[in-house]
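Here is what each chain is made of, one letter per residue.
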Amino acid sequence: MQIKPILSALRHHKAGTILIAVQIALTLAIVCNALFIIQQRITMLTRSTGIDEAHLIRLQNQWVGVDDKHVGSLMQTDLDTLRRLPGVADAYATNSTPLSNGGWSTGIGLKPGGKGERVQTAIYFADDHTLDTLGLKLVAGRNFRSSEVVDQMQHDGLDPPQVIVTRAVADKFFPDGDAVGKRVYLGNKPSIIVGVVARLQVPWVGGWAANWEGRSTLVPRRLMASGTNFVIRAKDGQIDKVLHSAPAALLASDRMRVIPDDDGVVTFAQMRQEAYQSDRGMAILMGVICVVLLGITAAGIVGLTSFWVGQRRKQIGVRRALGATRRDILSYFLTENLLIGATGVVLGMLLAVGMNQWLMNTFEMQRLSWPWIVSGVIVLLALGQAAVLAPAIRASRVPPVVATRTV
Amino acid sequence: MLKMTHLSKVYRTEVVETYALRDFNIDVKEGEFVAVTGPSGSGKTTFLTIAGLLETFTGGEYLLDGVDVSGLNDNARSKIRNEKIGFIFQAFNLIPDLNVFDNVEVPLRYRGMKAAERKQRIMDALERVGLASRLKHYPAELSGGQQQRVAIARALAGSPRLLLADEPTGNLDTQMARGVMELLEDIHREGATIVMVTHDPELAARAQRNVHIIDGQEVDIAEDPRFHAEHAASSHV
Ligand SMILES: Nc1ncnc2c1ncn2[C@@H]1O[C@H](COP(=O)(O)OP(=O)(O)O)[C@@H](O)[C@H]1O
Ligand SMILES: [Mg+2]
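Worth saying up front: this structure is predicted, and the values here are computed from it rather than measured.

1. Description of the overall build of chain A
Now for step 1: Summing up its helical and strand segments, chain A has 11 helices and 13 strands in all.
Now for step 2: Based on the C-alpha atoms only, the size of chain A along its principal axes is roughly 100 × 50 × 30 Å.
Now for step 3: In chain A, which comprises 407 residues, the proportion classed as buried is 51%.
Now for step 4: A sequence separation of at least 24 residues applies to 81% of the contacts in chain A between residues at least 6 apart.
Now for step 5: Carbon together with sulfur atoms contributes 60% to the accessible area of chain A, which is approximately 18,300 Å² in total.

What follows is the structure, encoded as structure tokens:
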């Protein structure tokens, strides 16, 4: 109703108006992108690894004074020790696990020798106990047989006759769901897909593996290296006990080993905590930035409107004398703020998209979708109206008699 | 039109109670042009703010157009100010951020009038005060006399029954004051009821009737012996 005169009046308060509009625009752009980053981090944080983390322990073991070639028997003895331990459901030895942020990866494709279309996959060394230990869900085919599990020297080519792949790998090459029995190539010799598991995350949680975090391949191999990871599955409610009894039992059977004090024996809950520490930190930082920015913007609006109300006390009184009701005065300031806010958010939407484009080019960031921007717009306009309310109410209480009194 | 009986207004601060008006009586008839005079601080402005429903009073009775206004709420008072009363202030009180057209439009917008009618009334009112050519000017670009004319146009645009003017020429030089006074006289001749506060005896003399206030009470100049003493005292206020 009074939009036109409000706009004309604002032309006489350009500096404050532009200041607030720009502040709203910047806040919108930053908050939209920050909330989007937070959402992405949270999605990442809450991603499942596909394994039964709550029951699992990783034990890092280094045999001392033993040649790689002779690791096989030590590994078998240790596995027997661990599997017999009270409270332990199962165990296996491997090169790497999800959430460890370190492991092997290679290309996998339908042609030998690295030719043809290939995708990146994580390689997990496994045996016939792996599926049960990790609690992986087999959706097609079968588990490895113990007879298929053989020793692998670190520097030999990796060409296992059998592999189990995740559905993410299987679907990439066999979208019809008939991967079992088909050949794939890690190196020069074919591997037959004997089984498909629903999900198994790669060891890396962030950055470079982001686009293939579900593509894992299990190979029936025991890595002949002096350092190995034992993955131990505890029975219900036994994990704390096993955390202590497992290293103790291994040391008791053979002292010629090193199990690091600090992170030698950890639960997967701890591994998850550590793996996502920086992502969580980033999400919290972004959240703090959002809150601070919104706070500053709200304070700016409160400050400027309060200043304007003080400055216009006389004219508010005059308007009241000329017949404005308290509501008219209230709605004047709310409308004024809405007009400034509208300018700000239009500018802010463009800025938000631009900033997102820059983030996409510079970092691994996805395209900001419209719902985020629209939510941001609603939040900022609502924030503006909320911030302006107190000074606007004060304005509406300016008595009409102010018009006749000179002070 | 405007009738106050035994009206009083007390301003209370922490230390003192000031009786700005006490046992004040006035009866302004429809179509009258009344000048209210009195020394500074005698309660003239107070009378006008109460008459114009800008302020409430402490005691007594006030009938505006036959209606007892003491029971009205803030919205009803705003509506009466908007529709029945036109204000002219000593300091003009134009809104500096709005041009002449927009200034005159202010009370009409609060009345919720359609744009076409507003425009018609604004043009008529500005024509009336001789400023139809200054629509786009801002108050700061006008002389004091012109500003007061815009203020009069603003007061007239809503066709109020009652015009209240508080020292309308107080901030103007003699020549401009004369112009404004002539305008008010014209408006009065066309049928408006005007109550004008002034301490300029010359201007007051041109009204149909004078009401003199001293110490918050109306007095008959001829009869009241206090007048001469107070008037002398007021010169050093
Ligand atoms: N808001 C107020 N608070 C306290 N005293 C006031 C207030 N407004 C006016 N007064 C006092 O009331 C008296 C009448 O003031 P006013 O009506 O402005 O006189 P005039 O217009 O005749 O100069 C003066 O003594 C003045 O100081
Ligand atoms: Mg006065």
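2. Overview of the sheet that holds strand β4 (residues 59–64) of chain B
All names here are of chain B.
Now for step 1: Pairing is antiparallel in the open sheet, where four strands are placed in the order β2-β1-β4-β5. Strand pairing shows two members of the sheet lacking a second neighbour, β2 (17–28) and β5 (67–68), which therefore form its edges.
Now for step 2: Bridge analysis of strand β1 (residues 2–12) against β2 gives eight bridges, and the strand direction is antiparallel. When the bridges of β2 are listed, Met4 appears paired with Ile26.

3. Here we look at the UniProt feature "domain: ABC3 transporter permease C-terminal" (unreviewed entry) in chain A
Now for step 1: The UniProt feature table records "domain: ABC3 transporter permease C-terminal" (unreviewed entry) at residues 288–400 of chain A.
Now for step 2: Spanning residues 288–400 of chain A, this segment combines 86% helix with 0% strand, and its end C-alpha atoms are found 44 Å apart.

4. What about the interface of chain B and chain A?
Now for step 1: In this complex, chain B contributes 25 residues to the contact, which on the side of chain A involves 26 residues.
Now for step 2: Together, the buried faces of chain B and chain A total about 2,500 Å²; carbon and sulfur atoms form 56% of this surface.
Now for step 3: Broken down residue by residue, the surface that chain B buries against chain A is led by Asp97, Arg109 and Tyr110 of chain B, which jointly contribute 29%.
Now for step 4: Joining chain B to chain A, the criterion identifies three salt bridges.

5. Quick word on the packing of aromatic side chains
Residues and elements named next belong to chain A.
Now for step 1: The tally for this structure, following the rule as stated, stands at 10 aromatic pairs over all chains.
Now for step 2: Ring geometry for Tyr332 versus Phe333: centroids 5.6 Å apart, planes at 65 degrees, classification edge-to-face. For the pair formed by Tyr332 and Phe333, the shared burial category is buried.
Now for step 3: Members of the aromatic cluster, joined through ring pairs, are Trp204, Trp208 and Trp212.

6. Observations concerning the domain arrangement of chain A
Now for step 1: Domain boundaries assigned for chain A yield domain 1 (3–45 + 278–405) and domain 2 (65–255).
Now for step 2: Between domain 1 of chain A and domain 2 of chain A, the C-alpha centre-to-centre distance is 54 Å.

7. Remarks on the pattern of salt bridges
Any two side chains of opposite charge can pair, so long as their charged atoms come close to each other.
Residue and element names in this part refer to chain B.
Now for step 1: Under the counting rule described, the total for this entry stands at 31 salt bridges over all chains.
Now for step 2: Here Glu30 ties to Arg161 by a salt bridge, and the two come within 2.9 Å at their closest N and O atoms. In this pair, Glu30 is assigned in the loop between β2 and β3 (33–37) and Arg161 in the loop between α5 (144–157) and β7 (162–166), connecting sequence segments 131 residues apart.
Now for step 3: A salt bridge links Lys79 to Glu83; the nearest nitrogen and oxygen atoms lie 3.1 Å apart. Here Glu83 and Lys79 lie together in helix α2 (residues 74–84), a separation of four residues that amounts to about one turn.
Now for step 4: What makes Glu83 partly exposed here is its relative accessible area of 32%.

8. Concerning the UniProt feature "domain: MacB-like periplasmic core" (unreviewed entry) in chain A
Now for step 1: Mapped onto the present numbering, the UniProt feature "domain: MacB-like periplasmic core" (unreviewed entry) falls at residues 53–237 of chain A.
Now for step 2: In residues 53–237 of chain A, the share of helix is 14% and the share of strand is 38%. The end C-alpha atoms are 13 Å apart.

9. Notes on the sheet that holds strand β10 (residues 217–219) of chain B
Residue and element names in this part refer to chain B.
Now for step 1: Taken in spatial order, the six strands of this open sheet run β6-β7-β8-β3-β9-β10, and their pairing is mixed. In this open sheet, the two edge strands, each paired with only one partner strand, are β6 (85–88) and β10. Across this sheet, the average inter-strand angle for adjacent strands is 25 degrees, counted without regard to direction.
Now for step 2: On the sheet, α5 packs against β6 and β7 and is oriented at approximately 170 degrees with respect to β6.
Now for step 3: In the packing of helix α6 (residues 174–189) onto the sheet, the strands contacted are β3, β6, β7 and β8 (193–197), and the crossing angle to β8 comes to about 150 degrees.

10. Some remarks on the site of ligand 1
Now for step 1: Close to ligand 1 lie Arg405 of chain A together with Tyr11, Thr18, Ala20, Pro39, Ser40, Gly41, Ser42, Gly43, Lys44, Thr45 and Thr46 of chain B, which account for all nearby residues.
Now for step 2: Around ligand 1 the close residues trace back to chains A and B.
Now for step 3: One of the backbone N or O atoms of Ser42 of chain B is found 3.2 Å from an oxygen atom in ligand 1.
Now for step 4: Contacts to ligand 1 include Thr46 of chain B, whose side-chain N or O atom sits 2.4 Å from an oxygen atom.
Now for step 5: Burial of ligand 1 by the surrounding chains reaches 66%, relative to a free accessible area of 560 Å².
Now for step 6: In terms of residue count, the dominant contributor to the shell around ligand 1 is helix α1 (residues 44–51) of chain B (three residues).
Now for step 7: Residue classes in the shell around ligand 1 are distributed as three nonpolar, seven polar and two charged.

Calculation criteria
Residues numbered from 1 in each chain as written. Chains lettered and ligands numbered in written order. Predicted model: local features only at pLDDT ≥ 70, side-chain atom pairs only at ≥ 80, totals over all residues. Heavy atoms only, no water. Helix = DSSP H or I, 4+ residues; strand = E, 2+ residues; numbered from the N terminus. Buried < 20%, exposed > 50% of the residue type's maximum accessible area, 1.4 Å probe, protein only. Contact = heavy atoms within 4.5 Å. Areas by Shrake-Rupley, 256 points an atom, 1.4 Å probe, with all protein chains shown as cover. Pairing = 2+ DSSP bridges. UniProt positions renumbered as here; feature names shortened; annotations may be inferred. Buried area = accessible area lost by both parts, 1.4 Å probe. Salt bridge = Lys/Arg side-chain N within 4 Å of Asp/Glu carboxyl O. Phe/Tyr/Trp six-rings, centres within 6.5 Å; stacked < 30°, edge-to-face > 60°. Domains from an automatic or database assignment. Axes fitted to C-alpha atoms, helices over the stretch in contact; angles between N-to-C directions. Near = heavy atom within 4 Å. Polar contact = N/O pair within 3.5 Å; in protein donor to acceptor, adjacent residues only side chain to side chain. Nonpolar A, V, L, I, M, F, W, Y, C, P; charged D, E, K, R; others polar.

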